[in-house]
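Structure assessment
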Amino acid sequence: MSRSWLGRAYDREVLGRVLDAAMRGVEPLRAKLLADARGRVVELGFGTGSNLPFYPEAVTSLVAVEPSEGLAELARERLRRSGRAHEVVVGSASRALPLDAHSFDAAVLTFVLCSVKRVPDLLAEARRLLAPGAPLFVAEHVLAPTRATATAQRLVRPAWKAALGGCDPARDTRALLEAAGFDTREVRDETLALPFPVKSGLVGVARPR
Ligand SMILES: C[S@@+](CC[C@H](N)C(=O)[O-])C[C@H]1O[C@@H](n2cnc3c(N)ncnc32)[C@H](O)[C@@H]1O
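The following refers to the structure shown. Values in this document were obtained by computation on a predicted structure and should not be read as measured data.

Before going further, it helps to examine the site of the ligand. Residues in close proximity to the ligand total 18 residues, the closest being Arg30, Gly45, Glu66, Ala93 and Thr110. Within the side chain of glutamate 66, a nitrogen or oxygen atom sits 2.6 Å from an oxygen atom of the ligand. One of the side-chain nitrogen or oxygen atoms of threonine 110 is found 2.6 Å away from an oxygen atom of the ligand. Here the ligand has 600 Å² of accessible area as a free molecule, and 86% of this is covered by the chains. Judged by the proximity of its atoms to the pocket grid, the ligand belongs to the largest pocket.

Okay, here's the thing in structure tokens:
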């Protein structure tokens, strides 16, 4: 994915900072979610690397997949500073990635599926990368479980999407995970430390069936 120097600088200096600030409230959730991650891990939609401080020592190597070249530059710097074994793949996880099938002990997907255009393709790629039975650690804001809030989410959806790069506040992510062949019994509904309309969340471990 090739972007101009200006586009890359914008993603790195502006978008990166905005994402970091907006997501500060969910840091405790990241720590809890990733505490059991182990071995070789792939994170899809790495962004600025907000999960990086929360990976335990038991994670022996980390592959960061990120389509924005500007954010990937930031990620590369942060990964280098972390001293952790790593690789950065610049590209969309909705397409086949240059990574071997079933070669990961875990995959991580946090606050990504809301803005992905082809969610089934991305989830199929996550499945392809995971070793049999390996966990997909997931945290996403989703369609609210209550009717009134879901209706309000749908009302603000067009404006929210236009303002926030296509972020859909009302996506039924559990249904998408199940349709992609993931067992979501270990994924719980949670209220996120984020503003309306992105307060309703799904957090936990999904496993390929
Ligand atoms: C809101 S940010 C979240 C970043 C990070 N995962 C976090 O938890 O803070 C969403 C990220 O998903 C990335 N993204 C969007 N579409 C993607 C795709 N098809 N494959 C991989 N990453 C994607 C964006 O570039 C962005 O970095």
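With that settled, the discussion passes to the packing of helix α1 (residues 5-22) against helix α3 (residues 69-82). One way to put it is that α1 packs onto α3 with a least axis distance of 7 Å and a crossing angle of 70°. By the angle class used here, α1 and α3 are roughly perpendicular. Between α1 and α3 lies a crossing of right-handed hand. For the pair formed by α1 and α3, the contact residues are Arg8, Asp11, Arg12, Leu15, Gly16, Leu19 and Asp20 on the first element and Glu69, Gly70, Leu71, Glu73, Leu74 and Arg78 on the second. Here the residues of the contact of α1 with α3 are counted per class, giving 4 nonpolar, 2 polar and 7 charged.

Attention now goes to the sheet that holds strand β4 (residues 106-110). Read across the open sheet, the 7 strands follow the order β3-β2-β1-β4-β5-β7-β6; overall the sheet is mixed. Both edges of this open sheet fall to β3 (86-90) and β6 (182-191), since each of them pairs with a single strand only. Geometrically, the sheet is characterised by an average inter-axis angle of 15° between neighbouring strands, direction not taken into account. In the sheet, strand β1 (residues 39-44) pairs with strand β2 (residues 59-66) via 6 bridges, with the strands oriented parallel. Bridging from a neighbouring strand, valine 42 pairs with valine 63 of β2. Along the sheet, α3 makes contact with β2 and β3, crossing β3 at roughly 175°.

Glancing now at helix α5 (residues 147-163). Taking 1.5 Å of rise per residue, the 17 residues of α5 would be expected to cover 24 Å, and the 24 Å separating its terminal C-alpha atoms lies within 8% of that figure. The sharpest bend along α5 measures roughly 50° and falls at arginine 157, with the proline proline 158 sitting one to four residues further on. Looking one or two residues past α5, glycine 165 carries a phi angle of roughly 55°, positive in sign.

How each quantity is defined
- Residues numbered from 1 in each chain as written.
- Predicted model: local features only at pLDDT ≥ 70, side-chain atom pairs only at ≥ 80, totals over all residues.
- Heavy atoms only, no water.
- Near = heavy atom within 4 Å.
- Polar contact = N/O pair within 3.5 Å; in protein donor to acceptor, adjacent residues only side chain to side chain.
- Areas by Shrake-Rupley, 256 points an atom, 1.4 Å probe, with all protein chains shown as cover.
- 1 Å grid on protein atoms, 1.4 Å probe; cavity = no way out; pocket = protein on both sides within 12 Å on 5 of 7 lines; lining within 4 Å.
- Sits in = over half its atoms within 2 Å of the grid points.
- Axes fitted to C-alpha atoms, helices over the stretch in contact; angles between N-to-C directions.
- Helix = DSSP H or I, 4+ residues; strand = E, 2+ residues; numbered from the N terminus.
- Parallel < 35°, antiparallel > 145°, perpendicular 65-115°, else oblique.
- Left-handed = near helix turned anticlockwise from the far one by under 90°.
- Contact = heavy atoms within 4.5 Å.
- Nonpolar A, V, L, I, M, F, W, Y, C, P; charged D, E, K, R; others polar.
- Pairing = 2+ DSSP bridges.
- Expected span 1.5 Å × (residues − 1).
- Bend = angle between axes of the 7 residues up to and from the residue.

Nothing here speaks to function; it is geometry throughout.
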